[in-house]
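Examination of the molecular architecture
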Amino acid sequence: MESATIAIVGAGIIALVWAYVQFKIIAKIPVVSLGDIPITDDVNSQANAFIAVNENEITETTSRLIEVYEAIYEGADSFLKAEYKVCFQFIALFGVVVLFLVSWGSDWD
């Protein structure tokens with residue numbers, strides 16, 4: 001194999017391993033919502049006290065997660081719209097340039 005091919009394949013493998021490691025790290029983070037905590041009459045008083053103390057914290061965390069999700073979604077949507085606009089302009093301009101050069105270099109009249 002050529003050295004460039006080895007470098008490209010090696011970089012791809014390193015990137016995939018890095019992505020997998022990051023996925024595993026993020027997957028360990030628990031995401032808890034109030035709807036995920038079962039509250040029944042069977043729960044002992046210690047668990048009820050824990051839920052009562054942390055209910056406000058869980059609500060704040062859940063609302064913050066929703067806020068961050070909406071901000072990321074809005075930002076990604078804006079970015080994609082701007083990116084598609086630039087790509088369309090580039091493709092249109094480049095298409096005209098290629099058409100001009102091909103017609104100039106051939107016998108089109």
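Right above here is the structure, for reference.
Overview of the structure. Bear in mind the structure is a predicted one, so any value in this text is a computation, not a measurement.

Cut-offs applied
Residues numbered from 1 in each chain as written. Predicted model: local features only at pLDDT ≥ 70, side-chain atom pairs only at ≥ 80, totals over all residues. Heavy atoms only, no water. Helix = DSSP H or I, 4+ residues; strand = E, 2+ residues; numbered from the N terminus. Areas by Shrake-Rupley, 256 points an atom, 1.4 Å probe, with all protein chains shown as cover. Phe/Tyr/Trp six-rings, centres within 6.5 Å; stacked < 30°, edge-to-face > 60°. Patch = residues over 30% accessible without salt bridge, like charges linked within 9 Å, V, L, I, M, F, W, Y side chains within 5 Å. Salt bridge = Lys/Arg side-chain N within 4 Å of Asp/Glu carboxyl O. Buried < 20%, exposed > 50% of the residue type's maximum accessible area, 1.4 Å probe, protein only.

**What to know about the overall build of the chain**
From N to C terminus, the chain includes 2 helices and 0 strands. By element, 69% of the accessible surface of the chain is carried by carbon and sulfur atoms, the whole surface being about 9,900 Å².

**Notes on the packing of aromatic side chains**
Applying the stated criterion across every chain yields a total of 2 aromatic pairs. Consider the rings of F90 and F94, whose centres lie 5.6 Å apart with planes at 15 degrees: the pair is stacked. Here F90 and its partner F94 are both found in helix α2 (residues 45–105), 4 residues apart, which amounts to about one turn of the helix.

**Section: a nonpolar patch on the surface**
Taken together, the side chains of V9, I13, V17, Y20, V21, F23, I25, I26 and I29 make up a nonpolar region of the molecular surface, amounting to roughly 880 Å² of accessible area. Assignment of secondary structure puts I13 in helix α1 (residues 3–27).

**Some remarks on the pattern of salt bridges**
One pass over the structure, following the stated rule, counts 2 salt bridges. Among the ionic pairs, E67 bridges to R64, the shortest N-O distance being 3.0 Å. Of this pair, E67 and R64 both sit in helix α2, 3 residues apart, which is roughly one turn of that helix. We classify R64 as partly exposed; its relative accessible area is 47%. Linking D77 and K81 is a salt bridge whose minimum nitrogen-to-oxygen distance equals 3.6 Å. Of this pair, D77 and K81 both sit in helix α2, 4 residues apart, roughly one helical turn. For K81, a relative accessible area of 56% translates into the label exposed.

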